[in-house]
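# Geometric and topological summary
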Protein chains: 2
Amino acid sequence: MNHPYLEDTIAAIATPNGVGAISVIRISGSNAASVANKIFKGKVGLSAMKANSVHHGKIVNEQGEFIDDVLLTLFKHPNSYTGEDVVEISYHGSPLIGQKIMELLLKQEVRAAEPGEFTKRAFLNNKLDLAQAEAVIDIISSRTDASLRGARDQLDGLLSKNVTELRKSLLDTLSFLELELDFAEEELEFVAKEELLEKINNIINSIEGLLASYNFGKVIRDGVNVAIVGAPNAGKSSLLNYLLKESRAIVSSIPGTTRDIIREEMTYDGILFKLFDTAGLRASEDLIEREGIRRSNETIKNADLVIFLSDVEHGFDSAIFADLLNLVNRNKIIKVMNKIDLKKLHVNDDEIKISALTGEGISNLLKSMKFSATKNANYSEKSAIVSNVRHYNCLRRAKESLNKAANSINQKFSLEFISLDLRSTIDSLGEIIGTVTTDDVLNNIFSKFCIGK
Amino acid sequence: MNHPYLEDTIAAIATPNGVGAISVIRISGSNAASVANKIFKGKVGLSAMKANSVHHGKIVNEQGEFIDDVLLTLFKHPNSYTGEDVVEISYHGSPLIGQKIMELLLKQEVRAAEPGEFTKRAFLNNKLDLAQAEAVIDIISSRTDASLRGARDQLDGLLSKNVTELRKSLLDTLSFLELELDFAEEELEFVAKEELLEKINNIINSIEGLLASYNFGKVIRDGVNVAIVGAPNAGKSSLLNYLLKESRAIVSSIPGTTRDIIREEMTYDGILFKLFDTAGLRASEDLIEREGIRRSNETIKNADLVIFLSDVEHGFDSAIFADLLNLVNRNKIIKVMNKIDLKKLHVNDDEIKISALTGEGISNLLKSMKFSATKNANYSEKSAIVSNVRHYNCLRRAKESLNKAANSINQKFSLEFISLDLRSTIDSLGEIIGTVTTDDVLNNIFSKFCIGK
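Taken as rigid bodies, chain A and chain B are interconverted by a rotation of 180° and an axial shift of 0.0 Å, the fit giving an RMSD of 0.2 Å. Within this description, the copies of the chain are treated as partners about a two-fold rotation axis. Considering only C-alpha atoms, the part of chain A nearest the rotation axis is S53(A), at 2.3 Å. The share of interface residues of chain A whose copies in chain B are also at the interface is 100%, consistent with both copies meeting through the same surface.

Dropping the structure here:
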């Protein structure tokens, strides 16, 4: 890869928008020190500063007019976040001052950084591999302890280490295979085919382990979408309110992305649940109501979990339940019977008994929600978790080509076929950590970052 | 003053709230280094770090669990913002991580900082005087170049220098007067009374100069409240829209604090104008309408400037104008005649002719608005500007007691009286820069700061 833009020096405000005590502008690239030097007046110039030292001084414009007093930190390549020369300017947290300093920088040989461009440079300069770079955005947007820990592990290289080891093992094997191909006429066998098959099967097992962690990884990274479904009288809103009150940390209340659908967020035992209160399910003649139902159905189809709510007064609503089964798999549905404070009706064993009024049974429901959300999770504390759909897809492709390789061995196909499949597996694994990548992939990844990161 | 709390070590998130690339936690006090050392794992411990050096490392909790990798900067007293030992921790800009690091700190000998407490400590440790400390909050909340420059000058000590000089001159005089009092029996005259009177009058002149700058200072610091008044058909909304379109930088659109009153902001030539579109002025039988009129009248009374809008179709509305004069001084009113694109009616010379449709005359109106807003301003580029009502009141009291001193000299009163008045002036001036202050005054000033500053 050739990256001409790496020669540019870039700058951006790196702290969140708004008014605060401190804000920080970050500059990275070969001109970082020289452009900062033109606007900074301190006891010493930047050329006399040691790496990793902080200096108090003033930012002044071309007319020598004083803009702000700041702390300036100089990092010298390769010992910086990006691996390039980096200058950080910490100023009084006013958006107006930030804008003025940025203007002074952008008049020089500096351009405004694109979203994620600092981290992209860290990747291109081999400070982070691609999976680690992707973990940076996950860390910033983490909203539960579990998601933070998962992203943390990924930035630490837990997944990268796993993938690198699998890849290295395949590379070693491939080099022997290719040696064998080179000496094909001499009919030497450098790799015993049974050994090769065993090795491939072991790697398939490891990849399947990683793939199996995705279900849990996705849950901890993105949270669980829960649709609450039931007749209007079943007490959906009361349940929603009780759940929000009960959960230790209400993360936030998000205005519905679509009208008629209320979305709230809560965490339970480290898992983020996104709760959607849906309208009715039944077909209607009324146009507006029909639109509401269409939206409800969409929400239910996209849900990871559905709470189907009935109440002891009206009993289990089998008509609505039948409709529900057309939209969503049975194993995603938790049947809940509400209003058990009212009377002691018979409740089926597969229904969780609650009262959204007194709170009875709610803790059982929460446990059940967590169990359902994580039941397909194959996960141990020490192993890497795949939480990113891009990684998941790379692993699936790696597994497919390994299966093909195993098949070729069993069918005693020519070595060329096996070699090709192994090469393809190695490339798929390499895509995860970025040994093989394209500008499109990179742009897609880093465009999701915020500016300044 | 005795400040036992100065022994505490304090910590706070110093960057604006929200998600970003970088956020910063600031710790100040004698324990700053030791508490940070307990949660920071880097190549060296904090005790081995040089002042003003930056170190990469990890924040870990009591279980050794990795929270984030960070940059840590150590400042040693007295060379820091607060004059105490200060540690700044720059972490991935996630609110969750910020909360976790704060929790780890607050479990130790650290408490959460109060609003403005870092700057308050800078004042108590003599890093800034009080007027300079007050400038910090003005800098952060500056929204125009002019207000930023004013606050900048104040932080630089332009006002403090002026006040300190006046105060020192009075202190010198006072010491001679008191010497004379000590030797009263010997009837020695250490200070010639004519000289003293001249000196006092010179200082009164200087103080009057500062007082005169307040009008302009207030305008650049807080902006100008402009009420737009006129009959419903006069085109108030069109004018408002045109002004907003015309102004170089629309600062923002603020939701009305009271219903029925639209408030928009614009800057012209460095001055922030807050535009209020008011409803009618006339009394009404309708209860709801009456409430709207009450609010309009309140807005007009509080305005620094009133644009009174008539239009060429209906002519100058002398009835509304008469009502207006009951609410506001004539010299705050700018008469404007709108819709001059429609017909060429006679327009009085004291009316600014505009068309909110074509934009004709709008630039004249803007110039007139700036002229009216600043016409009472006595201000030269190099002199200090008083923009803070606290400073203004201190200066007024200083001037009053100086006038009393001058009067005592003229009336040949005893030296004790003159001495008392001079002492009182010195105290009033000292209050501005904080040589004399009370906890109440300090609390009042710093409670307006944000946390972390």
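In this section: the pattern of salt bridges. Applying the stated criterion across every chain yields a total of 51 salt bridges over all chains. The shortest N-O distance in the salt bridge between D68(A) and R152(B) comes to 2.8 Å. With D68(A) in strand β5 (residues 66-75) and R152(B) in helix α5 (residues 145-156), the pair connects residues from two separate chains. R152(B) shares its class with D68(A); the two are buried. Taking the shortest distance from any N to any O, the salt bridge between R152(B) and D69(A) comes out at 3.7 Å. Taken together, the positions of R152(B) in helix α5 and D69(A) in strand β5 put the pair across two chains.

Glancing now at the packing of aromatic side chains. Counting across every chain of the model gives 12 aromatic pairs over all chains. When the centroid spacing of 5.3 Å and the interplanar angle of 55° are considered together, the rings of F308(A) and F321(A) count as tilted. With a gap of 13 residues between them, F308(A) in strand β12 (residues 305-311) and F321(A) in helix α10 (residues 318-325) connect regions that are remote in the sequence. In textbook terms, an aromatic cluster arises when at least three aromatic residues are bridged by ring pairs, as seen for F308(A), F316(A) and F321(A). Against the face of F321(B) rests K335(B), its NZ or CZ located 4.9 Å from the ring centre. Above the face of the Y81(B) ring, K453(B) is positioned so that its terminal group lies 5.2 Å from the ring centre.

Here we come to a nonpolar patch on the surface. All names here are of chain A. Together, F176, L179, F183 and F190 give the surface a local cluster of nonpolar side chains, amounting to about 330 Å² of exposed area. You can see F183 is positioned in the loop between α6 (158-182) and α7 (193-222). Its relative accessible area of 32% is what places F183 among the partly exposed residues.

Here we come to the pairing of strand β8 (residues 224-230) of chain A. Residue and element names in this part refer to chain A. Counting buried positions over the 7 residues of β8 gives 6, a clear majority of the element. Across 5 bridges, the pairing between β8 and strand β11 (residues 271-277) is parallel. By the bridge assignment, A227 is partnered in β11 with F276. Here β8 pairs with β12 via 5 bridges, running parallel. What sits directly across from A227, in β12, is V306.

For the rest of this paragraph, the subject is the domain arrangement of chain A. Residues and elements named next belong to chain A. Each assigned domain of chain A is listed with its residue range as follows: domain 1 (4-128), domain 2 (136-213 + 384-434) and domain 3 (223-374). Look at where the C-alpha atoms of domain 1 and domain 2 centre, and you get two points 41 Å apart. On the domain 2 side, the residues contacting the 4 residues of domain 1 number 4 residues. Taken over both partners, the interface formed by domain 1 and domain 2 buries close to 220 Å², and the fraction arising from carbon and sulfur atoms is 75%.

Along the chain, S368(B) falls in helix α12 (residues 362-374). The contact partners of S368(B), leaving out residues within four places of it in the chain, are I334(B) and I352(B).

Residues and elements named next belong to chain B. The end-to-end C-alpha separation of helix α4 (residues 130-141) is 18 Å, in line with the 16 Å expected for 12 residues at 1.5 Å each. Most of α4 sits inside the fold, with 11 of its 12 residues counted as buried. Residues of α4 that are buried: L130, A131, Q132, A133, E134, A135, V136, I137, D138, I139 and I140. Backbone nitrogen of A131 and a side-chain oxygen of the N-cap are separated by 3.0 Å at the start of α4; the cap is D129.

A common way to state how big an interface is: give the accessible area lost once the parts meet. Counting residues at the interface gives 47 residues for chain A, matched by 47 residues for chain B. Here chain A packs against chain B, burying approximately 3500 Å² in sum over the two surfaces, 64% of which is carbon and sulfur. Considering only the surface of chain A that becomes buried against chain B, P16(A), I22(A) and R152(A) emerge as the three largest contributors, covering 17% of it. Between chain A and chain B we count 8 salt bridges in total.

The rules behind the values
- Residues numbered from 1 in each chain as written.
- Chains lettered and ligands numbered in written order.
- Predicted model: local features only at pLDDT ≥ 70, side-chain atom pairs only at ≥ 80, totals over all residues.
- Heavy atoms only, no water.
- Least-squares fit on C-alpha atoms with pLDDT ≥ 70 in both.
- Contact = heavy atoms within 4.5 Å.
- Salt bridge = Lys/Arg side-chain N within 4 Å of Asp/Glu carboxyl O.
- Helix = DSSP H or I, 4+ residues; strand = E, 2+ residues; numbered from the N terminus.
- Buried < 20%, exposed > 50% of the residue type's maximum accessible area, 1.4 Å probe, protein only.
- Phe/Tyr/Trp six-rings, centres within 6.5 Å; stacked < 30°, edge-to-face > 60°.
- Lys NZ or Arg CZ within 6 Å of the ring centre and 35° of its normal.
- Patch = residues over 30% accessible without salt bridge, like charges linked within 9 Å, V, L, I, M, F, W, Y side chains within 5 Å.
- Areas by Shrake-Rupley, 256 points an atom, 1.4 Å probe, with all protein chains shown as cover.
- Pairing = 2+ DSSP bridges.
- Domains from an automatic or database assignment.
- Buried area = accessible area lost by both parts, 1.4 Å probe.
- Expected span 1.5 Å × (residues − 1).
- Polar contact = N/O pair within 3.5 Å; in protein donor to acceptor, adjacent residues only side chain to side chain.

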